[in-house]
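Chains, contacts and geometry: an overview
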Amino acid sequence: MRQRNARLMVRFGLILSITWGAGCARTAASGCSNPCGAATSGPASPSAPAAANNNPALKGNYAFTFSGIKGNGTVSSISAAVGMFTADGAGNLTSGELDTNGVGTGAALTAQAFTGTYTIGADNRGVMTWNLPGRAVQFAVAMTTNGNARFIEFDASAGSGTIGSGTIESADTNAFSTASITGDYAFGVAGLDDSNNRAAIIGRFASDGTGTLTAAAGDLSAYGTPYTLSFTAASYTVSDTKTGRGTMNLAFTFGGTPANLNFVFYIVNAKRLLAMERDTVTTATPLLNGVVVQQQTPSGGFTNASLNGNLVIYLTGLSNCGSGATGVPKAVAGLITADGTGTLNLDFDENYCHAPRTVTGFSGTYGVASSGRTTIALGGYALVAYLASANQAFLFVSDGNVLFGVGEPQTAGPFTNSVVKGTYAGSATYPASFGVTVFSGEFTADGASTTGNISGHEDVGAPSGSVPDEAFNASYSVSSSPTNGRGTMTVSSGTGGNGVFYVISPTKLVALSQNDPNPAILVFEQGSTTTVPPPPPPAPTVTLSSLTLNPTGVIGGLQSSTGTVTLSAPAPAGGANVALASSNGAASVPSSVAVPAGATSATFTVNTSIVVVATSATISATYDNTTLTATLSVLI
């Protein structure tokens, strides 16, 4: 798939394309004081509508994370940033602070203050400028329906600049304290060292709310070798209760070698931290970036039953190819089907050494420890995962590719073209090398039964140069067999291309391009919708006429939604008992709700759990053979 047109990915409606302003002109080898490696001069910014000001769409406190690769066509190196800012809803950014890290002099900034401005148009696209010492950094912004955002860097030109992506997430200032970090947590971080060797760490720990971390466990994949970590000490502190900035130290041994890593993090809420490794980048201390999320540990601990059903996985890494090429980006997406007792099946697609590959019916075994650590054996391959909750995990493949990513539960199928329908936001994520092209955009799928069609516009950030507002057109097809929810896409715009994707739910899918020499994972996601199927004939005198949720998007584990069922007429004598159900563990509902006699509606509470990635749960209500559904977006 063409590098520009093939990189599509969704993150609940918020799209950010970023254009960095003036910065230093050093090569990647010498480092750069620009926090994400901006080029000295960049391409034109993506246009943002000036009319119909919608600045209140971005209002409140936000934390952000960014992972990128800066390069000049000859040499490249890793770059990362974490931080926070406050948006006033009127176009001003205040109380901004960021930490950066990378290779070379000036690449690391510590608690650097900044201010800025922004403008959001009626279509939720906009421009944001950060005023840093000696320079201004400009972004193109697109908002999601939940008030969060996603961004890509948009400054590369003529083979020089930075390729990367990140997220901006609404932050809870009430959680800006050491005491707020309490309970079990799982984490996943990945990145590169100063020689572009890839590394990843996944694990878990328990926090007592006083700065001590206990029961720490983890696994490291680096330089082609997996290691189990033996922790000797672990601690954290929130040093700034105004910005939510904290630091964390992890001391451990692996293979008999002692190691000590220091992280800086910014709090999103008590259940989610954005973390970046802040030591000087060397072969002993790679720059790792990722997230820490509260672990939903079942009573008695995790078991094999915690991995049961369909799980969509997506990962990226680097490969050494038979041609002698090294550091070639690799991307994998697939479907794990687990039986809850230790046996699973994997169907997957990968872009490996510039070539597509499809594998079906790959059977294996797994074992889940009470801590959530999970080992998976598939033929000659080994995977390690740490569960954050049932069917949600951080994972990596224990080989030289250092494939790292996440897994999330697939909702009940079967899936066909009609499932992929509506407006989607998309972008490329987890870029593993400077050659990867990133993008963000908005797209509409028609769900046509024979051949579906998708169209839209995207902003592209490629090493060769950035392209704003590029048209995109493609056809697609989704099948429930032999792999439930696997789809294919053929791009007709630009130079064309092919891709494959896996449906996670009616509102989310992940994809990878099959003929892109530098692949990334592409994620598409849409806002929640309510589906009301027609009642079966003959219709009863009193029918279930609607099911609604308010709000339709909530933060998992922190917020709940209120469901309302409405009848076509007053409930008969004795009332009407409406059965309720949820499609997955991200949301839970009572087994039923009663509409009192003479009333036409009743309400119920939809409780939520913490999720590793944004997840859609389908809530269903059934009365007198009529079933209605509504979709709840459970956010991070």
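Quick note: structure is the one above.
In this text, all values refer to a predicted model and were calculated from it rather than measured experimentally.

1. A few points about the sheet that holds strand β11 (residues 198-208)
Strand order in the closed barrel formed by 8 strands is β10-β11-β12-β13-β14-β15-β16-β17, with antiparallel pairing between adjacent strands. For this sheet, the mean inter-axis angle between neighbouring strands, taken without regard to orientation, is 25°. Across 8 bridges, the pairing between strand β10 (residues 182-192) and strand β17 (residues 287-294) is antiparallel. Following the sheet pairing, valine 189 is matched in β17 by glycine 290.

2. Quick notes on the pairing of strand β24 (residues 392-397)
A large share of β24 lies buried, amounting to 6 of its 6 residues. Both faces of β24 are covered, namely the face carrying Gln392, Phe394 and Phe396 and the face carrying Ala393, Leu395 and Val397. Pairing geometry for strand β23 (residues 381-389) and β24, over 6 bridges, is antiparallel. Bridge pairing links valine 384 to phenylalanine 396 in β24. Count of turn residues in the β23/β24 antiparallel hairpin: 2 residues, of which asparagine 391 carries a positive phi of about 65°. Alignment of β24 against strand β25 (residues 404-409), held across 4 bridges, turns out to be antiparallel. Residue phenylalanine 394 lies in a different strand from β25, and its bridge partner there is valine 406. Remark: 6 residues form the turn of the hairpin made by β24 and β25, two consecutive strands paired antiparallel; valine 402 in that turn has positive phi of roughly 45°.

3. Brief notes about the sheet that holds β25
With antiparallel pairing, 8 strands are arranged side by side around a closed barrel as β18-β19-β20-β21-β22-β23-β24-β25. Strand-to-strand twist in this sheet, taken as the mean axis angle between neighbours without regard to direction, amounts to 30°. The sheet contact formed by strand β21 (residues 355-368) and strand β22 (residues 373-378) spans 4 bridges and is antiparallel. Of the residues in β22, the one forming a bridge with tyrosine 366 is isoleucine 376.

4. Some remarks on empty space enclosed by the protein
Inspection of the entire model under this criterion finds 9 cavities of 30 Å³ or more. Roughly 660 Å³ of volume is contained in the largest cavity. The wall of the largest cavity is formed by 39 residues, among which Ser67, Asn289, Gly290, Thr429 and Tyr430 lie closest to the centre. Every element with two or more residues in the lining of the largest cavity is listed here: β2 (59-71), β3 (76-88), β9 (161-170), β10, β17, β18 (308-319) and β25. A total of 5 residues in the lining of the largest cavity trace back to one element, the largest contributor, which is β2. In the lining of the largest cavity, the residues fall into 20 nonpolar, 13 polar and 6 charged.

Rules and cut-offs
Residues numbered from 1 in each chain as written. Predicted model: local features only at pLDDT ≥ 70, side-chain atom pairs only at ≥ 80, totals over all residues. Heavy atoms only, no water. Pairing = 2+ DSSP bridges. Helix = DSSP H or I, 4+ residues; strand = E, 2+ residues; numbered from the N terminus. Axes fitted to C-alpha atoms, helices over the stretch in contact; angles between N-to-C directions. Buried < 20%, exposed > 50% of the residue type's maximum accessible area, 1.4 Å probe, protein only. 1 Å grid on protein atoms, 1.4 Å probe; cavity = no way out; pocket = protein on both sides within 12 Å on 5 of 7 lines; lining within 4 Å. Points joined across faces, edges and corners; volume = space filled by probe spheres on them. Nonpolar A, V, L, I, M, F, W, Y, C, P; charged D, E, K, R; others polar.

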